[in-house]
Amino acid sequence: MPENAQTHQIVVIPCLSDNYAVLIHNPDSGQTALVDAPEAAPIQAELDARGWTLTDILITHHHDDHIDGVAALRSGARVVGATADAHRLPALDLAVSDGDTIEVCGVITEVLDVSGHTLGHIAYHMPEVSAAFTADSLMAMGCGRLFEGTPDQMWTSLQKLRALPQDTMIYSGHEYTASNAKFALTIEPDNAALISRVRQITADRAVGTPTVPSKLSDEIATNPFLRADNPELQKAVNMAGANANDVFAYVRKAKDTF
Ligand code: ZN
Ligand code: FE
């Protein structure tokens, strides 16, 4: 009998100043996967508190704030990362590429290349648990800064993520949402969904509640980086009818100097 994927537990762990690591646990099999390892201590503490042992570590990209804890945590776990980034990641037990599907915690996990923030950045999508782990590609009301990729690459990556089922929960790598929200309002000050979401975010952050994960449908309605081809957004930035790549590049550049 297939196990009930709804029983998977997902835990978001604050690390460093504003990073998140994520644990996915299958209580039927006892398997536990970690997405990114900004630092070992808080992750190990969470594992100890729950009596969980890591079976997989899924790496999204090579930046230190996503891999520094891998060495201390990897014992016995399978370390997975992008083939394209293997030369600058901790030693991989499994190298994966766009379109690959692997089994993690007893469920199918799809690998998506979401280059832009870096070249070789990947995201992991678990359809059976309605979750995608996007790190510094798609973020709550934002997207990662373009350190290596072009605006066109990031826009292509975000379109892939936007095409996932609308109820997918997006687990991004940082708590940047409050500042992303301020920026989003400068782009679309009249977006009613955005205004009401910002109100909620502000209330959540005032009491320290994480804003990660967020629902993909909410991102589509409010995240300016997912809306470069949206007529309302294009009108708001005086680029009605423009090429979406150009609108995206404009919005990304505006955020860089915000
Ligand atoms: Zn990064
Ligand atoms: Fe990061």
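Scroll up to find the structure.
Quick caveat, the model's predicted, so the values are computed rather than measured.

> Even after reading the chapter, I still don't get the sheet that holds strand β14 (residues 214–215), so can you show me in this structure?
By definition, the strands of a sheet pair up through backbone hydrogen bonds, in either a parallel or an antiparallel sense. Pairing in this open sheet of 6 strands is mixed, and the strands run β7-β8-β9-β10-β13-β14 from one edge to the other. Each end of this open sheet is capped by a strand with a single partner; those strands are β7 (101–104) and β14. Sheet topology note: the β7/strand β8 (residues 107–113) ladder contains 4 bridges and is antiparallel. Looking at the pairing, Glu103 lines up with Ile108 of β8. The strands touched by helix α4 (residues 151–162) are β8, β9 (122–126) and β10 (131–135); relative to β8, the strand with the most contacts, the crossing angle is about 155°.

> Would you mind going over the coordination of the iron ion (ligand 2) with me for this structure?
Six octahedral donors around a metal ideally subtend angles of 90 or 180 degrees, whereas four tetrahedral donors ideally subtend 109.5 degrees. Looking at the metal site, the iron ion (ligand 2) is ligated by Asp65 (OD), His66 (NE2), Asp136 (OD) and His174 (NE2), spaced 2.1 to 2.5 Å from it. For the iron ion (ligand 2), the 4 donor atoms in the first shell make angles of 83 to 173° at the metal, a pattern classed as irregular. Between the iron ion (ligand 2) and the zinc ion (ligand 1), the interatomic distance is 3.0 Å, and Asp136 donates to each metal, bridging them. Taken as a pair, Asp65 in helix α2 (residues 64–67) and His174 in the loop between β13 (169–172) and α5 (177–187) lie far apart in primary sequence, 109 residues in all.

> When you look at the coordination of the zinc ion (ligand 1) in this model, what are you seeing that I'm missing?
The protein atoms that coordinate the zinc ion (ligand 1) are His61 (NE2), His63 (ND1), His117 (NE2) and Asp136 (OD), at distances of 2.2 to 2.4 Å. Geometry at the zinc ion (ligand 1) is irregular, judged from the 4 donor atoms that bind it and their angles of 86 to 172° at the metal. Taken in chain order, the donor set of the zinc ion (ligand 1) reads H-x1-H-x53-H-x18-D. Looking at Asp136, the relative accessible area reads 3%, which means it is buried.

> Please explain the pattern of salt bridges as it appears in this structure.
A side chain with one charge may pair with a side chain of the opposite charge, provided their charged atoms come close. Per the stated rule, a full pass over the model turns up 12 salt bridges. Taking the shortest distance from any N to any O, the salt bridge between Arg78 and Asp56 comes out at 2.6 Å. One end of the pair, Arg78, is in strand β5 (residues 78–82); the other, Asp56, is in strand β4 (residues 56–58), and 22 residues separate them in sequence. The class of Arg78 is partly exposed, set by a relative accessible area of 28%. Since its relative accessible area comes to 4%, Asp56 is described here as buried. It is possible to trace a salt-bridge network through shared partners that takes in Asp85, Arg88 and Glu148.

> Where do I start with α5 in this structure?
Of the residues making up α5, those classed as buried are Thr177, Asn180, Ala181, Phe183, Ala184 and Ile187. Angular distribution of buried residues about the axis of α5 spans 170°; they occupy a single face of the element. Where α5 is buried, its residues contact β11 (138–139), β12 (142–143), α6 (192–206), α7 (216–222), α8 (231–236) and α9 (244–256).

> How do you make sense of the sheet that holds β5 when you look at a structure like this?
With respect to topology, 6 strands assemble into an open sheet ordered β1-β2-β3-β4-β5-β6, the strand pairing being mixed. Bordering the open sheet on either side are β1 (9–15) and β6 (94–96), each of which pairs with just one other strand. This sheet shows a mean twist of 20° between the axes of neighbouring strands, independent of strand direction.

> Could you clarify how one ought to interpret the nonpolar core in this entry?
Burial of nonpolar side chains together is a common tendency in soluble globular proteins. Within the largest apolar cluster, 25 residues are counted, with the highest numbers of intra-cluster contacts made by Leu138, Leu158, Leu161, Phe225, Val247, Phe248 and Val251. In this view, Leu138 contacts Leu158, Leu161, Ile170, Ser172, Leu216, Asn223 and Leu226; residues no more than four positions away in its chain are not counted.

> Even after reading the chapter, I still don't get unusual backbone geometry, so can you show me in this structure?
Of all residues except glycine, most have a negative phi; of all peptide bonds, most are trans. Going from Val212 to Pro213, the amide bond is cis rather than trans, its omega being 5°. Mapped onto the secondary structure, Pro213 falls in the loop between α6 and β14. Look at Cys105: it is not a glycine, yet its phi comes out positive at around 55°. Inspection of the secondary structure assignment puts Cys105 in the loop between β7 and β8. Notably, Asn238 is not glycine yet its phi reads approximately 55°, a positive angle. Position of Asn238 among the secondary structure elements: in the loop between α8 and α9. Residue Asn238 is classed as exposed on the basis of its relative accessible area, which comes to 71%.

> How should the pairing of β7 be read in this particular structure?
Within a regular strand, side chains alternate between the sheet's two faces. Only one face of β7 is buried: it carries Ile102 and Val104, and the other face, with Thr101 and Glu103, is open. Hairpin connection, β7 to β8: the antiparallel pair is bridged by 2 residues, and Cys105 has positive phi, about 55°.

> For this particular structure, what's the right way to read the environment of Met154?
Note that Met154 resides in helix α4. On the basis of relative accessibility, which here comes to 0%, the residue Met154 falls in the buried class. Separated by 98 residues in the primary sequence, Met154 and Arg252 place their C-alpha atoms 9.6 Å from one another. Discounting chain neighbours no more than four positions away, the residues touching Met154 are Ser115, Gly116, His117, Asp136, Ser137, Cys143, Gly144, Leu146 and Phe248.

Conventions used here
Residues numbered from 1 in each chain as written. Chains lettered and ligands numbered in written order. Predicted model: local features only at pLDDT ≥ 70, side-chain atom pairs only at ≥ 80, totals over all residues. Heavy atoms only, no water. Pairing = 2+ DSSP bridges. Helix = DSSP H or I, 4+ residues; strand = E, 2+ residues; numbered from the N terminus. Contact = heavy atoms within 4.5 Å. Axes fitted to C-alpha atoms, helices over the stretch in contact; angles between N-to-C directions. Donors = N, O, S within 2.8 Å, 3.2 Å for Na, K, Ca; no water. Tetrahedral: all angles 85-135°; square planar, octahedral: opposite > 155°, others 65-115°. Buried < 20%, exposed > 50% of the residue type's maximum accessible area, 1.4 Å probe, protein only. Salt bridge = Lys/Arg side-chain N within 4 Å of Asp/Glu carboxyl O. Arc of directions from axis to C-beta. Core = buried A, V, L, I, M, F, W, Y, C linked by side-chain atoms within 4.5 Å.

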